[in-house]
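# Geometric and topological summary
Residues per chain, in single letters:
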Amino acid sequence: MAMLPLGAKADVDPNFYIYLCFGQSNMEGNATPEAQDKKDVDPRFQTLACVDFKNPQRTMGEWYTAYPPIVRDGTGLGVADYFGRTMVKNLPDDVRVGVIDVAIGGTKLEGFMQDKVGDYIASMNPKTEDWLIGYFAAYGNDPYQRLVDMAKIGQQSGVIKGILLHQGCSNCGDPKWPDMVKQIYDNLLADLNLKAEDVPLFAGELEYANMGGGCSSHNVQVNRLPEVIPTAHVVSAENLPGNGVDAWHFSAQGYRIFGQRYAKEVLALMGIEAEIDEPTPPATAFELDQPFASLDEIGTTP
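All of the points below concern the structure found in this document.

Scoring rules and cut-offs
- The residue numbering used here restarts from 1 in each chain and proceeds along that chain's sequence as written.
- At least 70 in pLDDT is required for a residue's local features to be given in this predicted model, at least 80 for side-chain atom pairs to be given and counted, and no such filter applies to totals for whole chains, interfaces and linings, which use all residues.
- By convention in this description, side-chain values take in all heavy atoms of the structure and omit both hydrogens and water.
- Note on terminology: a nonpolar core comprises buried Ala, Val, Leu, Ile, Met, Phe, Trp, Tyr and Cys residues joined through side-chain atoms within 4.5 Å.
- Whether a residue is buried, partly exposed or exposed follows from its accessible area with a 1.4 Å probe, protein chains only, as a fraction of its type maximum: under 20%, in between, or over 50%, in that order.
- Helix and strand labels come from DSSP, where a helix needs a run of H or I of at least four residues and a strand needs a run of E of at least two; each type is numbered from the N terminus.
- When checking whether two residues touch, look at their non-hydrogen atoms; a contact exists if any pair is within 4.5 Å.
- When DSSP finds at least two bridges between two strands, those strands are taken to pair.
- Only the contacting stretch of a helix is used when fitting its axis, a line to C-alpha atoms as for every element, and angles between N-to-C directions run 0 to 180 degrees.
- A pairing counts as a salt bridge when a side-chain nitrogen of Lys or Arg comes within 4 Å of a carboxyl oxygen of Asp or Glu.
- Stacked, edge-to-face and tilted labels apply to pairs of Phe, Tyr and Trp rings (six-membered ring for Trp) whose centres lie within 6.5 Å, assigned for plane angles under 30 degrees, over 60, and everything in between, in that order.
- As a reminder, the over-ring test applies to NZ of lysine and CZ of arginine, requiring each to be within 6 Å of the ring centre and within 35 degrees of the ring normal.

The next point concerns the nonpolar core. Counting residues in each nonpolar core, the largest one holds 90 residues, and the members touching the most others are Leu20, Phe22, Phe83, Met87, Ile100 and Leu188. Considering each element in turn, this core owes the most residues, eight residues, to helix α9 (residues 252–269). Once residues lying within four places of it in the same chain are set aside, the contact partners of Leu188 are Phe22, Tyr144, Leu147, Val148, Ile163 and Leu194.

The structure is reproduced here in structure tokens:
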């Protein structure tokens, strides 16, 4: 259901909490939504279309109830979906939550830096990276500016309360990454006339190695963010299941729980303790000839 047309004027609702989201494929949404993801979305959770959609039909700059996909046509279930669902579940009935999500699978962080994005796009191979070139074209070849433009539309009806980030695989291990994040964060605050103390940053870790992740070493850089940005908070990816197909993406269950973890971190700053799901623990690996004192140590009938 559309809420406001592009550029429409409205009274700002202090109880409409808006969160800016950006990053690469895990923020974009990589998992195929399942039946449970396509129903019972509280209309208090809304998404601002940052591009025109064909399926479902959505118009850039308008608010909609946040059924997936919320980023672009062809994207799937991502971090933001269950972030918003968990937020409205734990907030008073008169509070709405909106997400403004600009994300590009496969992009380096340079794709959100206006002083670097032009050279970055120019460096792409049109034969092997035509898909990535197309993703950037959907945002006018300037995803940062699209995020700012959509955020300004959001500010006409609500209040920006935070920024969510998930990115790193394409910059895996780069020690300059935290400072690059700070540059983008500072630019967003300046361009949107926001104060850091009012708009904290929430950044998620990458898939852990024991869950199949291939870029888990980058979590060293993710966990450096609070040293560089005092208002930054890190959201753990510990035990979140991967999709079992590649080394970068979470399963649908992983995205649901990761989104809940982002919300739990945000809500904690409001003094709200949210109860969230936990991932199904991985099967315990036993060694050959490993001794046990009781069946309880095995956890099942041998």
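And the narrative resumes.
Moving on: the sheet that holds strand β1 (residues 16–23). One open sheet accounts for seven strands, arranged β5-β2-β6-β1-β7-β8-β9; its pairing is mixed. Whereas interior strands pair on both sides, the edge strands pair on one side only; in this sheet they are β5 (63–65) and β9 (232–235). The average undirected angle you get between the axes of adjacent strands in this sheet is 30°. One ladder, built from three bridges, connects strand β7 (residues 159–166) with strand β8 (residues 201–204); its direction is parallel.

Further remarks concern the pattern of salt bridges. Inspection of every chain in the model, using the stated rule, returns nine salt bridges. A salt bridge links Glu273 to Lys264; the shortest N-O distance between them is 2.5 Å. Members of the salt-bridge network, linked through shared partners, are Glu34, Asp37 and Arg256.

A word on the packing of aromatic side chains. The geometry of an aromatic ring pair is captured by the separation of the ring centres together with the interplanar angle, meaning the angle of the planes. Within the structure shown, the criterion is met by eight aromatic pairs. Ring centres of Phe250 and Phe258 lie 5.2 Å apart, and the angle between their planes is 65°; on these two criteria the pair is classed as edge-to-face. This pair shows no difference in class: Phe250 is buried, exactly as Phe258 is. Within the aromatic cluster, the residues linked to one another by ring pairs are Phe250, Tyr255, Phe258 and Tyr262. Directly above the aromatic system of Tyr135 lies the positively charged group of Arg72, at a separation of 4.4 Å from the ring centroid. Here the basic side chain of Lys161 rests over the ring of Tyr17, its NZ or CZ set 4.8 Å away from the ring centre.

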